Amino acid sequence: MIKNFLTVHNIDAHFDESMKKHTTFKVGGNAMCIAMPDTVEKAGVLIKFLKENNISYYILGNGSNVIFNDNGFDGVIIKTSNLNFMEIENNTVTVGAGMLMTSFSKAMQLKGLSGVEFCYGIPGNIGGGIYMNAGAYGGEISNCIKSVNYLDENGNLNTISKEECHFAYRHTEFMNHKWMIVSAVFEMQQGNSEEMLAFMEDIMQRRKDKQPLDKPSAGSSFKRPAGYFAAALIDECGLKGLTVGGAQVSEKHAGFIVNTGNATCRDIVNLADKVAQIVLEQKGVVLEKEMIIV
Ligand SMILES: Cc1cc2nc3c(=O)[nH]c(=O)nc-3n(C[C@H](O)[C@H](O)[C@H](O)COP(=O)(O)OP(=O)(O)OC[C@H]3O[C@@H](n4cnc5c(N)ncnc54)[C@H](O)[C@@H]3O)c2cc1C
């Protein structure tokens, strides 16, 4: 039934697909189906169809902050990568959810439109970045957002203002709903392209110097606890190199758990729980996972 629907509506899809291919941690079992609509209208009819037929679904950005269960996902993954469009009108830019944050940041730098330089090097896309309120080097994606367009659980298109998004540190209103972000409107500032490029190259170099970018991961495993840095706490507890199966606390950056080759989702979750337990015992600080386990 789902195969027929996807063919009729000309929606690109793969069946019995390994989630290792779609997540930066490279773990997880197979999804029954992964569908990649290339228009907002197709995404809307797909959500409506899945709801009407009681088929579970999950919205996936670039998979850089999620890990899927080793048993896989018995439903449809709606991946936003084909919603990759951008319209510029003076300082106002509308961007599709599927555009990578790094590509958006670079495109803005070339136009001398400032505000999202800090996104350069974050491996998620616009939809995932907004859902997480991604941030780095003093910036957060919420800073220059004007409004966000999303499909609700019935597949209907709506718009929400920046204020209604309730942006906070790694928290947004989207976490309270089963909505699919399809695009966002950004209000940019006029900037100096050369200065923007210099900042972007500098932060990219800092990432390469400090982060274990040669190994699969989901970036920082834990949120920053108020008044502390998760990586410093983990390091002070002597946990660099701590291993469970194929999951390891990075030797290079204690805030990252990496996949040394054959990690399972279970290995990663067990290691993260172990780290949080030791930090609580030794430092009295609660660490909350930043990565999302599906
Ligand atoms: C090496 C590395 C470095 C990183 N550095 C940073 C950093 O500096 N700062 C930072 O904030 N993060 C960082 N991250 C984490 C990650 O890149 C961000 O959290 C990013 O915002 C996730 O985007 P994504 O598109 O990959 O989302 P995904 O991982 O695909 O999804 C994350 C969550 O968003 C939801 N979601 C995704 N797209 C949509 C949509 N269109 N509509 C509704 N819900 C959606 C998913 O359901 C999921 O719950 C890093 C990760 C890695 C691997």
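What counts as what
- Residues numbered from 1 in each chain as written.
- Predicted model: local features only at pLDDT ≥ 70, side-chain atom pairs only at ≥ 80, totals over all residues.
- Heavy atoms only, no water.
- Near = heavy atom within 4 Å.
- Polar contact = N/O pair within 3.5 Å; in protein donor to acceptor, adjacent residues only side chain to side chain.
- Areas by Shrake-Rupley, 256 points an atom, 1.4 Å probe, with all protein chains shown as cover.
- Helix = DSSP H or I, 4+ residues; strand = E, 2+ residues; numbered from the N terminus.
- Nonpolar A, V, L, I, M, F, W, Y, C, P; charged D, E, K, R; others polar.
- Expected span 1.5 Å × (residues − 1).
- Buried < 20%, exposed > 50% of the residue type's maximum accessible area, 1.4 Å probe, protein only.
- Salt bridge = Lys/Arg side-chain N within 4 Å of Asp/Glu carboxyl O.

S.K.: Break down the site of the ligand for me, citing the residues and quoting the values.
M.R.: Close to the ligand lie 35 residues, the nearest being Ile 59, Gly 61, Ser 64, Asn 65 and Gly 135. One of the side-chain nitrogen or oxygen atoms of Tyr 58 is found 2.9 Å away from an oxygen atom of the ligand. Here an oxygen atom of the ligand sits 2.8 Å away from a polar atom, N or O, in the main chain of Asn 62. Notes on the ligand: free accessible area 970 Å², of which the protein chains cover 94%. When residues of the shell around the ligand are assigned to their parent elements, the largest contribution, five residues, is made by helix α4 (residues 126–132). Its residues assigned to classes, the shell around the ligand shows 17 nonpolar, 16 polar and two charged.

S.K.: Go over helix α2 (residues 40–52), please, and point to the residues and values.
M.R.: Helix length check: α2, at 13 residues, gives a terminal C-alpha distance of 18 Å against a target of 18 Å (1.5 Å per residue), a fit within 8%. When α2 is considered as a whole, its buried residues turn out to be Val 40, Lys 42, Ala 43, Gly 44, Leu 46, Ile 47, Phe 49 and Leu 50.

S.K.: Lay out the pattern of salt bridges in plain terms, naming residues and giving numbers.
M.R.: Here the structure, examined in full by the defined rule, presents 11 salt bridges. One salt bridge in this structure joins Glu 17 and Lys 21, with 3.5 Å as the shortest N-O distance. Across the salt bridge formed by Lys 215 and Asp 214, the nearest N and O atoms sit 3.8 Å from each other.

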